[in-house]
Every structure is written in structure tokens, then in C-alpha cells.
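Breakdown of the fold
These are the residues of each chain, in order.
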Amino acid sequence: MTRDSAQDDQAGRNTEIVLTAMRELFAEKDLTAIDRYWAEPYVQHSPQMPNGLDTLRNVVPTLEGFSWEPQRVAAQGDLVFTHSIVHGWAPGPVAIVDIFRLENGRIVEHWDVVQDIVAAETSANGNAMV
């Protein structure tokens, strides 16, 4: 196996881990998913959330009407990127780009960029955001 194909295999596995982890935790509200798919030390770069997995354990049960709908997914090495439509995180729907870093098959670091969704017909370019 070449180095490139090994990296592609790892990126594919990491993508499946992230998609499964996010579905089980946020859609199914299964808090045990944290123990299966995340690991400490969990480094959080989202400015509203502190480091550590206890934050996820505390936040997830409080989310009302939450849905995470990934539209695009890409992976490179130990990073997985998702571009999603999210309801229930903010007062209106938002577009979120999440970046997850995995180590030994577990999510150990997270970044995000959150934007209010603007209808294509009201944007300067006429293009949809997601």
C-alpha cells in the first residue's frame, strides 16, 4: 500500500467516525457516543465552549430542535471538515464549517465557523450559502 492510499484509507475511516459520532450524539442524543468517539484532552476552539468533554455532556441535553445536516465533507490526514446546515444552535438556521482532528480514531480537537444563513435572493451574489 502506498503512503497516499494509506492516508486516503485513514481519511475515509476518520470521516465515517465523525459522521457516526455526530449522528449518535446530536441526532440520537446518545451521550454514550462521547465515550466511544471522543477522547480527552479534548481541545475546543469554538469561542463559546470550554475545553473538555464535560461541556458536550452538559450542552447536548439542552439543545431543543437541533439538527445537523452535513452538505459537504472532506478529509485530509487526521482532519475532517464538514459544511452543514444546523437548526437549534442559534435562533435561526446557521451554516457551520466544523473541523475535527482525530487521534487514534477518536475526536480530540474541534474548530468551527458559524454564519447566519441568508437566502440566496437577498445575497449580493445570488448564490446559496450551503
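Anyway, here's the lowdown on the structure attached to this text. (Residues numbered from 1 in each chain as written. Predicted model: local features only at pLDDT ≥ 70, side-chain atom pairs only at ≥ 80, totals over all residues. Heavy atoms only, no water.)

Once that is clear, we can look at the overall build of the protein. A count of helical and extended segments in the protein gives 3 helices and 5 strands. Written out in order from the N terminus, the α and β elements of the protein read α-α-β-α-β-β-β-β. Taking 2.2 N^0.38 as the reference for a compact globule, 130 residues should give roughly 14 Å; the C-alpha atoms of the protein span a radius of gyration of 16 Å, in line with that estimate. Each principal axis of the C-alpha atoms in the protein carries an extent, and together these give about 50 × 35 × 25 Å. When burial is assessed residue by residue, the protein has 35% of its 130 residues classed as buried. Accessible surface for the protein amounts to roughly 7400 Å². Of this, 52% is attributable to carbon and sulfur atoms. Counting 9 positive and 19 negative side-chain charges, the protein places the averaged centre of each group 5 Å from the other. (Helix = DSSP H or I, 4+ residues; strand = E, 2+ residues; numbered from the N terminus. Rg over C-alpha atoms; globule rule 2.2 N^0.38 Å. Buried < 20%, exposed > 50% of the residue type's maximum accessible area, 1.4 Å probe, protein only. Areas by Shrake-Rupley, 256 points an atom, 1.4 Å probe, with all protein chains shown as cover. Lys, Arg positive; Asp, Glu negative; His and termini not counted. Charge placed at Lys NZ, Arg CZ, Asp CG, Glu CD.)

Turning to the nonpolar core, a few remarks are in order. Of all hydrophobic cores here, the largest spans 25 residues; its most connected members are Leu25, Phe26, Trp38, Leu56 and Ile107. Those elements giving two or more residues to this core turn out to be helix H1 (3–27), helix H2 (33–37), strand E1 (38–44), helix H3 (53–59), strand E3 (79–87) and strand E4 (94–103). For this core, the element with the most residues is H1, which contributes 6 residues. Not counting residues up to four positions away in its chain, the partners in contact with Leu56 are Leu25, Phe26, Ile34, Trp38, Tyr42, Met49 and Pro61. (Core = buried A, V, L, I, M, F, W, Y, C linked by side-chain atoms within 4.5 Å. Contact = heavy atoms within 4.5 Å.)

Another aspect to go through is unusual backbone geometry. Pro41 follows Glu40 through a cis peptide bond whose omega is -5 degrees. Position of Pro41 relative to the elements: it lies in strand E1. Phi angles above zero are rare outside glycine, and Lys29 is one such case at about 55 degrees. Within the secondary structure layout, Lys29 lies in the loop between H1 and H2. Residues other than glycine seldom take positive phi values, yet Asn104 does so here, at roughly 55 degrees. Structurally, Asn104 can be placed in the loop between E4 and strand E5 (106–116). According to the relative accessible area criterion, Asn104 is exposed, its value standing at 77%.

For the rest of this paragraph, the subject is the pattern of salt bridges. A complete count under the given rule lists 8 salt bridges for this structure. Where Glu103 meets Arg101, a salt bridge forms, and the shortest distance between an N and an O atom there is 3.2 Å. Of the residues examined, Glu103 reaches a relative accessible area of 42% and is grouped as partly exposed. In this structure, a network of salt bridges that share partners links the residues Arg23, Glu24, Glu28, Asp30 and Arg36. (Salt bridge = Lys/Arg side-chain N within 4 Å of Asp/Glu carboxyl O.)

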